[in-house]
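# Summary of the model geometry
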There are 2 protein chains.
Amino acid sequence: MLGPITLRNAQPPARRDSDPANTLDHVDRQLLIALTEDAGVTNKALAGRLGLAESTCAYRVRALREAGIITGTRIQLDLALLGYPLQAIIMVRLGSHTMANVNQLYDALAATPGVVQAFHVAGADDFYLHVAVENAEALRDFVLQHVTSHRVVRQTETHLVFDVRGGAGVLTAPPGR
Amino acid sequence: MLGPITLRNAQPPARRDSDPANTLDHVDRQLLIALTEDAGVTNKALAGRLGLAESTCAYRVRALREAGIITGTRIQLDLALLGYPLQAIIMVRLGSHTMANVNQLYDALAATPGVVQAFHVAGADDFYLHVAVENAEALRDFVLQHVTSHRVVRQTETHLVFDVRGGAGVLTAPPGR
DNA sequence: TGTGAAATATAACGCTA
DNA sequence: TAGCGTTATATTTCACA
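These remarks concern the structure in this document. Everything numeric here is computed off the predicted structure, so don't read it as measured data.

## Here we look at helix 2 (residues 26-37) of chain B
The periodicity of an α-helix, 3.6 residues per turn, causes residues three or four places apart in sequence to face the same way. All names here are of chain B. The terminal C-alpha atoms of helix 2, which comprises 12 residues, lie 17 Å apart, in line with the 16 Å expected from a rise of 1.5 Å per residue. Inspection of helix 2 places Asp28, Arg29, Leu31, Leu32, Ala34 and Leu35 among the buried residues, and these make up the whole buried set. Two to three positions downstream of the cap, the backbone nitrogen of Val27 sits 3.1 Å from a side-chain oxygen, assigning the N-cap of helix 2 to Asp25.

## Section: helix 5 (residues 99-110) of chain B
Helix length check: helix 5 of chain B (12 residues) gives 16 Å between terminal C-alpha atoms against 16 Å at 1.5 Å per residue, within 8%. Within the sequence span of helix 5 of chain B, burial applies to B:Asn101, B:Val102, B:Leu105, B:Tyr106, B:Leu109 and B:Ala110. All buried residues of helix 5 of chain B fall inside an arc of 140° around its axis, so they share one side. Facing away from the buried surface of helix 5 of chain B by more than 90 degrees, the exposed residues are B:Met99 and B:Gln104. On the buried face of helix 5 of chain B, the contacting elements are strand 5 (153-166) of chain A together with strand 2 (86-94), strand 3 (115-121), strand 4 (127-133), helix 6 (136-147) and strand 5 (153-166) of chain B.

## Topic: the packing of helix 3 (residues 43-50) of chain B against helix 4 (residues 54-66) of chain B
Residue and element names in this part refer to chain B. For the pair helix 3 and helix 4, interaxial distance at closest approach is 9 Å and the crossing angle is 105°. Judged on the interaxial angle alone, helix 4 and helix 3 are roughly perpendicular. Together, Asn43, Lys44, Leu46 and Ala47 of helix 3 and Glu54, Cys57, Ala58 and Val61 of helix 4 make up the contact between the two elements. Of the residues assigned to the contact of helix 3 with helix 4, the class counts are 5 nonpolar, 1 polar and 2 charged.

## Side note on the sheet that holds strand 4 (residues 127-133) of chain A
Taken in spatial order, the 8 strands close into a barrel running 2(A)-4(A)-3(A)-5(B)-2(B)-4(B)-3(B)-5(A), and their pairing is antiparallel. The mean angle between the axes of side-by-side strands here comes to 35°, regardless of whether they run parallel or antiparallel. Where strand 2 of chain B lies against strand 5 of chain B, 8 bridges are found, and the strand directions are antiparallel. Considered in strand 5 of chain B, the bridge of B:Val92 is made with B:Thr156. Of the strands in this sheet, strand 2 (86-94), strand 3 (115-121), strand 4 and strand 5 of chain A are in contact with helix 6 (residues 136-147) of chain A, which crosses strand 2 of chain A at around 25°.

## With respect to the relation of the copies chain B and chain A
Once turned by 180° and shifted 0.0 Å along the axis, chain B lies on chain A with an RMSD of 0.1 Å. The transformation relating the two chain copies, once decomposed into turn and shift, fits a two-fold axis. Most of the interface of chain B is mirrored in chain A, where 99% of its interface residues again form contacts.

Thresholds, definitions, all that
Residues numbered from 1 in each chain as written. Chains lettered and ligands numbered in written order. Predicted model: local features only at pLDDT ≥ 70, side-chain atom pairs only at ≥ 80, totals over all residues. Heavy atoms only, no water. Helix = DSSP H or I, 4+ residues; strand = E, 2+ residues; numbered from the N terminus. Expected span 1.5 Å × (residues − 1). Buried < 20%, exposed > 50% of the residue type's maximum accessible area, 1.4 Å probe, protein only. Polar contact = N/O pair within 3.5 Å; in protein donor to acceptor, adjacent residues only side chain to side chain. Arc of directions from axis to C-beta. Contact = heavy atoms within 4.5 Å. Axes fitted to C-alpha atoms, helices over the stretch in contact; angles between N-to-C directions. Parallel < 35°, antiparallel > 145°, perpendicular 65-115°, else oblique. Nonpolar A, V, L, I, M, F, W, Y, C, P; charged D, E, K, R; others polar. Pairing = 2+ DSSP bridges. Least-squares fit on C-alpha atoms with pLDDT ≥ 70 in both.

Structure, rendered in structure tokens:
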């Protein structure tokens, strides 16, 4: 695996400071695309796929991590197999929008078990919560116990999720190239 | 890295068939939590953290993959650093809901560059698209060129995303244990 | 970019409880 | 059946040319 990196002598990331996107060349882009499809690919396979030397490939991936472009790697779980087959988007609207209220609630909601992702958004609603639960009853309990129980929450709206898909992402069509 | 696996003789996943969630023991749970935090952790470190033998640790992770609980690993990208600092949720409502219409549009939207995630939902709206774009102009163009350009799309509503966070996930509080 | 050597990870095996 | 330790193989990492 292209694991944690500690650079000792070289200083690769200097190049992507002020305008990172424009310093990403075609090879970097291809690397990111390949790694987005499967982060578990070995350096050898990755190098072979792009026609790079293994040493070069490892170096560039390391540089992408150092530059902060790649922020980490996550596993993907089958939530249904884990016993949480029901997903929903819960839209949360506050009654009071002081900075403290908003931030505290955001922290609390994101830390609530069952929350897969939390969006802080502009507009009439304040947060969208993507949650996964065991069943309809658990969903009701989730909203009552962990969302509307917060004083600042004025209103919620729960939308059942039939399906979620990872999208194409941003890397398929180079922006300025 | 706990990479792609090709089992040759052993058949580990037999145990989690009919009721997978209930066969997940505490060790599996801890493994998934650790891997969710950082999928790039080495097997050695993972084994050490949980107090398992390395061989056992590797075996269990492999079994989780074989069972389909772990469906893959993805890298996380800093979208802003990549030149896409603006994120939005676009709610999409159709005018006609034939199965073919819905599925075709879902496919098309998910495959559109810039789409990070696509939700197919119940209710008045049909899809929520989480998108990342270069700037406000690109967002407008995205909606006009890639969403409302589809005939079946009756209405869209775009909500700016201030911030997204990964939530606590489903694994922090064991369900039946 | 390539090479080689050391460190590490993985897969497979046999043994134990 | 699950866990452990060992071995052989594969892979990564790092230093140097």
